[in-house]
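Overview (structure and organization)
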Amino acid sequence: MAELNSRLRQAECKLHYHNGFIQISQDDTVAQEIENPFWRLVADPKWHNVDHDMKEAIDLRDTGGRDPAFYAARSLESTIKIISGEKQLTTGKEKGAANYINNLRGAELIEVWELEALHHFFAKVRNPFGHGPGAAPMPSLTEHQTNWAIENAMIWIKSLVRRM
């Protein structure tokens, strides 16, 4: 895998191979500091759903599909739920991501400001795409916002997994 990625970089073709998929990679720094460590962490079978949803997010982004940030947020939510379960923090009374995030804070795995940042990410990025807008305008993100949402989710996932 490392050799293939090295050859792709040398050929300047802006592709990256990870966990069985070849995807577009625009930024070498992001690939080295965010993407590569992320894919290594989620290669373990227990992170299958995290891996699957993030691949879906990236594929949707790269092909102009609908709501890639939603799938990145799903990936992050799965991570939070797995950690909550493994740390025996899950009560069975959780109704959404916010309750699982609260579990992490209750166990002091995250600080208050991190809890607030995660709540905000789910409220402003995941929720608008996870629920129908009714008569309101259909939610959308710019290309830059979508990239930020995907990279932000990857960074959070890396950070949370490393705290386990």
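Reference entry: report on the structure contained in this document. (Residues numbered from 1 in each chain as written. Predicted model: local features only at pLDDT ≥ 70, side-chain atom pairs only at ≥ 80, totals over all residues. Heavy atoms only, no water.)

Here we come to the overall build of the protein. Counting secondary structure elements, the protein contains seven helices and two strands. In the protein, the order of α-helices and β-strands from amino to carboxyl end is α-β-β-α-α-α-α-α-α. Looking at the protein as a whole, 41% of its 164 residues qualify as buried. Entry remark: accessible area of the protein is about 9,300 Å², with carbon and sulfur atoms responsible for 50%. (Helix = DSSP H or I, 4+ residues; strand = E, 2+ residues; numbered from the N terminus. Buried < 20%, exposed > 50% of the residue type's maximum accessible area, 1.4 Å probe, protein only. Areas by Shrake-Rupley, 256 points an atom, 1.4 Å probe, with all protein chains shown as cover.)

Further remarks concern unusual backbone geometry. Of note in the backbone geometry, D67 takes a positive phi value of approximately 60° without being a glycine. With respect to the helices and strands, D67 occurs in the loop between helix 3 (48–63) and helix 4 (68–86). Residue Q88 is not a glycine yet carries a positive backbone phi of 55°. With respect to the element layout, Q88 can be found in the loop between helix 4 and helix 5 (97–106). With a relative accessible area of 72%, Q88 lands in the exposed category.

Another aspect to go through is the pattern of salt bridges. Applying the stated rule across the entire model yields eight salt bridges. Residue R163 is joined to E114 by a salt bridge in which the shortest nitrogen-to-oxygen separation is 2.6 Å. On the criterion of sequence distance, the pair formed by R163 in the segment after helix 7 (143–162) and E114 in helix 6 (residues 112–130) is long-range, its members being 49 residues apart. Look at E114 and you get buried, because its relative accessible area is 7%. (Salt bridge = Lys/Arg side-chain N within 4 Å of Asp/Glu carboxyl O.)

Honestly, that's just the spatial picture; any functional story needs more than this.
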